[in-house]
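# Structural description and commentary
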Amino acid sequence: MSDTTKTSKELEHSRPFDVHTWSDHQEANEFVDLIHEKHFHSSPLSKIRKKHLKVVLLDLYVTWKEDPTLLTGIHRGRSHYLAGSRYNELHISYRVIAVIDRLVELELLGFQKGIPGKDNWKGGRTSRIWPREKLRRHFLKAKLDPLDVSSREDTVDDGGIFVKGRESIILHDADKNKVEYKDTARTNSMREVLDAYNFMLLWTHVDCRHLDDPSISKSDGTSVHISQHRKFVRRIFNDCSWRRGGRFYGGWWQRINKEHRSKIMIGGKRTIEIDFSGHHIALLYAQENINYYEEFGFRSDPYDISIPEFIHHPKFSRKLAKDTLLIAVNARDERSAFPAIRKKVKDDADKPHHPAKPKGLSLTNDFLRRVLNLLQEKHPLISDMFCSGAGIDLQYTDSRITEHIIKHFAMDRVATGGIPVPVLSVHDSYIIAEEYKDELWEEMQIAWDKETSLKLDPNKVGYLQSLSPQNTRAIQHGYTDELIEDDPEEHQRLIASKEDDYVSPRYVERFKTFEKWRKKGKASM
């Protein structure tokens, strides 16, 4: 890999610059002081507060220590460095670009200018920076433990000013730009949940046991880096509304597929993933005061339709029906739905365990409209919500369900004398250590009941005698047959079979290193 230039493939292997990267450890200050004294003390930039240099160096250091080939993407526009914004608690201003340019001038950093794109850089590429040999020599001499660098904890900056931790409640406008807002009792309550949750994740090792290399390549040519510095979770609301969106984002586990997620270890323990089945469809029916699985049967498949062209390709037929229905629920009209369906099929074509589209058949608008009509005939009670944008509101509902689950495991258990238990969310799917799977499943049902609030006939018997008839269906992932929660003996057999799964030396070493750091940190608190 060249020190001064990068190939297109190397430029794609990157992560965004994090203006919240910080550490108050003595080793961090000594590391930054050395470079500042040598290269900035007598330069025209000497009056720029040292914290700008510190954030850049620490962010590059952590990235390089985790993966020397991973580059850093950097926005050069002023709008990305608003020092007075709630989204920039360290008050890092546009002056940080001058610091980066100085590091490039000193041949400490390599630099590749970005490529403009459309709509928030879609189709473009931000500028890239990376440490060159002169800076890497400083990195090699540094005594700073990368795990001592964080963007979560409240801290004190080099000017003695108290700095609040990173903002976790994000409000976007219609163009996905961050919007300033005034706090309310509700935003404070949401932030309190995320503060407790992120603090728990900070001290929890989350990794994939089967990876010899700490990254996962995706079909689009990008990769997901598995890192203990990529666990900060935030909640994002859309369209300047606290009732639009609200889903939880940020953890690296959200960017990998189900097969890789089944290998996740939390705190050294094997995990299980439980997913709401046909969740948005069930929620649409709930808006009509109908429990889908009570009305049509616990094993009813909302995506089961007969597409004549795929009579001999049942797996792809179901996949296309599912993709069509879920995209139609979220799309505002057919014009936006059909291209999104084609893109989804194309993107999934090379993914493992995804059925390929039969050759010779084109997914034209007319063909997809016939598939959509079949789905509308199957679901006449909610068909008017297809291609109406109704799914955007459903995201708020499933985010409320996720909030309930996260709060239960991060806060409520502690309030009743228990210990917090890390649970990872992938929107309406949840990953937890196997020993807590029953508790998770129960909380999913409680949260679903609370947020749907169906007005049910108390004399009508539900599909599960032991639980409220409002409950919905959930599926455990990580098994070849994705068993539902009604065969505990088979589940135990399959869980036991995972004992023989491959565990990489890389995972073992990183877990030991993290545990040593965690115990040292906890002892000093």
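See the structure shown above.
Along every chain, residues carry numbers that run from 1 in the direction the sequence is written. Given that this is a predicted model, residues contribute local features only at a pLDDT of at least 70 and side-chain atom pairs are listed and counted only at 80 or more, while totals for whole chains, interfaces and linings are drawn from all residues. Excluding hydrogens and water, the side-chain figures rest on all heavy atoms present in the structure.

Within the open sheet, the 4 strands sit side by side as E1-E2-E4-E3. Their pairing is mixed. Each edge of the open sheet is held by one strand with a lone partner, namely strand E1 (14-16) and strand E3 (109-112). Strand-to-strand twist in this sheet, taken as the mean axis angle between neighbours without regard to direction, amounts to 30°. Strands qualify as paired when DSSP identifies two bridges or more between them. Secondary structure elements follow DSSP: runs of H or I no shorter than four residues count as helices, runs of E no shorter than two count as strands, and numbering proceeds from the N terminus. Pairing of E3 with strand E4 (residues 127-131), which is carried by 4 bridges, proceeds in the antiparallel orientation. Among the inter-strand pairings, Leu-109 is bridged to a residue of E4, identified as Pro-131. Note on contacts: a residue pair is in contact if any heavy atoms of the two residues lie within 4.5 Å. Here the axes come from fitting lines to C-alpha atoms, over the contacting stretch only for helices, and the angles between their N-to-C directions go from 0 to 180 degrees. Against the sheet, helix H4 (residues 95-105) makes contact with strand E2 (71-74), E3 and E4, and its axis sits at roughly 110° relative to E3, the strand it touches most.

Moving on, we get to the environment of Asp-366. Mapped onto the fold, Asp-366 is located in helix H12 (residues 365-378). Per-residue accessibility, obtained with a 1.4 Å probe over protein chains only, is compared with the maximum for each type, and a residue is labelled buried under 20%, exposed over 50%, and partly exposed between these values. Classification of Asp-366 by relative accessible area gives exposed; the value is 53%. In sequence terms Asp-366 and Phe-338 are 28 residues apart; their C-alpha atoms lie 9.6 Å from each other. Any pair of N or O atoms that falls within 3.5 Å is considered a polar contact. Within protein, one atom must be able to donate a hydrogen and the other to accept it, and sequence-neighbouring residues count only if both atoms are side-chain atoms. A polar side-chain atom of Asp-366 sits 3.1 Å from a polar atom in the side chain of Arg-369.

Our next topic: the pattern of salt bridges. The term salt bridge refers to a pairing of a side-chain nitrogen on Lys or Arg with a carboxyl oxygen on Asp or Glu at a separation within 4 Å. Taken as a whole and assessed by the stated rule, the structure comprises 40 salt bridges. A salt bridge links Asp-3 to Arg-132; the shortest N-O distance between them is 3.2 Å. Placement of the pair is Asp-3 in the segment before helix H1 (8-12) and Arg-132 in the loop between E4 and helix H5 (133-141), with a sequence separation of 129 residues. Residue classification places Asp-3 among the partly exposed residues on the basis of a relative accessible area of 22%. Judged by its relative accessible area of 17%, Arg-132 is buried. Residues Lys-263 and Asp-501 are paired through a salt bridge, measuring 3.5 Å at the closest nitrogen-oxygen approach. Of this pair, Lys-263 sits in the loop between helix H7 (258-261) and strand E13 (264-266) while Asp-501 is found in the loop between helix H15 (488-497) and helix H16 (505-523), placing the two residues 238 residues apart along the sequence. Judged by its relative accessible area of 23%, Asp-501 is partly exposed. Among the ionic contacts, a cluster of salt bridges with common partners joins Asp-3, Arg-132, Glu-133, Arg-136 and Arg-137.

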